Amino acid sequence: MLCCYSCSTKFQLKARTMQRLEGLKAESPQFTLAGEPFRILGGSVHYFRVPRPYWRDRLLKMKACGLNTLTTYVPWNLHEPERGTFNFQDQLDLKAFISLAAEMGLWVILRPGPYICAEWDLGGLPSWLLQDKDMQLRTTYPGYVDAVNLYFDKLITVVKPLMFAEGGPIIAVQVENEYGSYAKDDKYMPFIKNCLQSRGVSELLLTSDNWEGLKYEGMDGVLKTINLQRLSFGAIQHLADRQPDKPLMVMEYWCGWFDVWGENHHVFHAEDMLAVVSEILERGVSINLYMFHGGTSFGFMNGALDFGTYKPQVTSYDYDAPLSEAGDCTAKYQLLRNLFSHYHSEPLPEVPTPQERRAYGPVFVQQHLCLWDSLNFAVKPYRSERPVNMENLPVNNNNGQSYGYTLYETTIRSGGVLNSRNNIRDRALVFVDRQSVGCLDYKTHEVVLPDVKGERTLSLLVENSGRVNYGKALNEQRKGIVGDIELNHTPLRGFIIFCLDLKPSFLKRLACSGQWKTDRKSLSVPAFVQARLCVDGPPRDTFIRLPGWGKGVVFVNGQNLGRYWFIGPQDFLYLPGPWLRSGENQIIVFEEQRLDGKIEFVENPDHGKTIDVYKLPFCTLL
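Since the structure is predicted, the reported quantities are computational estimates derived from the model, not experimental observations.

### Description of the UniProt feature "domain: Beta-galactosidase galactose-binding" (unreviewed entry) in the chain
Now for step 1: Those places that UniProt annotates as "domain: Beta-galactosidase galactose-binding" (unreviewed entry) correspond, in this numbering, to residues 526-585.
Now for step 2: Taken end to end, residues 526-585 is 0% helix and 53% strand, and its two terminal C-alpha atoms sit 23 Å from one another.

Spelled out as structure tokens, the structure:
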């Protein structure tokens, strides 16, 4: 059979000794690598969603499952958080991740974007692009082109030594991502192609689209691939008809699906998945499992959907993948391993031992600091006559605020009807003299304010719940208050605006302050609360649960684990063992609405009510 694992290793050794004269080719119905027939058996793992100490474990499990190729996206917004400031270190050490794949005998398909979708905030595009009010993302708009060129200047210098032609494991590079479903500028994809080739990328170039996106005209020398979950409507034949006499590849075989807040957890039953994968392989088609291991959208990095209704995604990116969020080998993994073993001439490597987990005893809130007192440790507030969206605030070296919360305060002299005019992005808690009076969001545009005498302070704590990552609405993803809000039909003016992006520097100032209180009677929300977890022996993975709490964010030893929300479906947060230490560990929770005094730890997550994605209408998965 094609593409045995031992052949993959042989190809690497042979290619190194022949100076990599011939890489991955798509010049006939069968891929060739180093001049030999080759089938891609791939899986997606995102290094930015997996704690670095676990990269090796996840890739060893990929190898043991019988896959021969790793695919990964590259998130621009993490690697260039401020314009011209790049980060390819530590958790974002892309070179180390790809080199580790090579060490394990895995080839690599790189998906560098600049747009990646990935259920990631703004599809991986940095929010500072939106400071330009005329910005047209994913087009040849000059401001976007200039930013992409500067980013690719840096990115390609990092990955070029890892290309096949240079002796590295990268055998193919994807040009942008699913552009056929966006298709706003015919000149854009040729521009991205040139961005790669003009900087010395000579490996096979690919595009990746769903059924709808395949309608978009292709580019010479760039192979089309398809993304799908089921084989309805002749999807594979549709790809073959669009591209005769070329290798067929499912670049994203969706072996699960992601979740949004307020809906059920998506599952794709292992037997249903296996039937489709088996048929794909029987047809001689190459495949990439998306996701092989989903991991976690730590921090504020989750994306959102908006096809008429805004739906932010949850923190967990478990995806019902073959490897769970915590790296467990699921029933899907075992079935796939058995299937892929038939495509190898030698036994597969042993599966690594599972990571140990531990249900630590519950801990209790010891100290608290209300939101209003925490403002003393925020950056200097900005005064503006009109509301300013978070991306255009003069913070972070004038790159604006990307994530978290923004507090807007102004003076009012009467009660009445506060109308957001649908200018809240995405959710605002409303206070008068620091007393809660309601909430504004996409569904609720009005709050009645109590009658007041004299001057009162109106406060709106606005949360960026995640920028849309897919669809036509990318250019409209500015957050905070994005236009006028009115009290009794009169626009409010004279704002003081606080940036509360909850970065490590802010948390450090907060933790070291002497203003924390211990009296539970004085505890009021929104608030930061502290607890201590004592770990005996080596730290182990665990899951945090917050029953009785409302909505907020959890930080452990300064690491942002992500958001929780009582509406579910997710009612846990994954806490990797490497982020704990033996002895005392600091837990800080920012709670918006209500809190219980207890934080629990469990060994296994409960995903709540489920829904089978295979029974959903086909259009809902596009």
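After that view, the rundown keeps rolling.
### Remarks on the pattern of salt bridges
Now for step 1: For the coordinates displayed, the defined rule picks out 31 salt bridges.
Now for step 2: Where Arg 283 meets Glu 279, a salt bridge forms, and the shortest distance between an N and an O atom there is 2.7 Å.

### Considering the sheet that holds strand E18 (residues 416-419)
Now for step 1: With respect to topology, four strands assemble into an open sheet ordered E22-E18-E25-E26, the strand pairing being antiparallel. In the strand order of this sheet, the two ends are held by strand E22 (446-449) and strand E26 (490-491), each with one partner.
Now for step 2: Bridge count for E18 against strand E25 (residues 486-487) is two bridges, and the pairing is antiparallel. Note that in E25 the partner of Asn 419 across the bridge is Glu 486.

### Remarks on the packing of aromatic side chains
Now for step 1: The tally for this structure, following the rule as stated, stands at 36 aromatic pairs.
Now for step 2: With centroids separated by 6.1 Å and ring planes inclined at 85°, the aromatic side chains of Tyr 360 and Phe 601 adopt a geometry described as edge-to-face. Taken together, the positions of Tyr 360 in the loop between helix H9 (331-341) and strand E14 (363-364) and Phe 601 in strand E34 (residues 598-602) put the pair 241 residues apart, joining distant regions of the chain.
Now for step 3: Among the residues examined, Phe 601 registers a relative accessible area of 5% and is labelled buried.
Now for step 4: Taken together through their ring pairs, the aromatic side chains of Trp 76, Trp 128, Tyr 144, Tyr 151, Phe 152, Tyr 179, Tyr 182, Tyr 188, Phe 191 and Tyr 216 make up a single cluster.
Now for step 5: The ring centre of Tyr 182 lies 4.5 Å from the NZ or CZ of Arg 138, which sits over that ring.
Now for step 6: Across from the ring centre of Trp 565, 4.8 Å away, lies the NZ or CZ of Lys 551, which sits over that ring.

Reading the values: the criteria
- Residues numbered from 1 in each chain as written.
- Predicted model: local features only at pLDDT ≥ 70, side-chain atom pairs only at ≥ 80, totals over all residues.
- Heavy atoms only, no water.
- UniProt positions renumbered as here; feature names shortened; annotations may be inferred.
- Helix = DSSP H or I, 4+ residues; strand = E, 2+ residues; numbered from the N terminus.
- Salt bridge = Lys/Arg side-chain N within 4 Å of Asp/Glu carboxyl O.
- Pairing = 2+ DSSP bridges.
- Phe/Tyr/Trp six-rings, centres within 6.5 Å; stacked < 30°, edge-to-face > 60°.
- Buried < 20%, exposed > 50% of the residue type's maximum accessible area, 1.4 Å probe, protein only.
- Lys NZ or Arg CZ within 6 Å of the ring centre and 35° of its normal.

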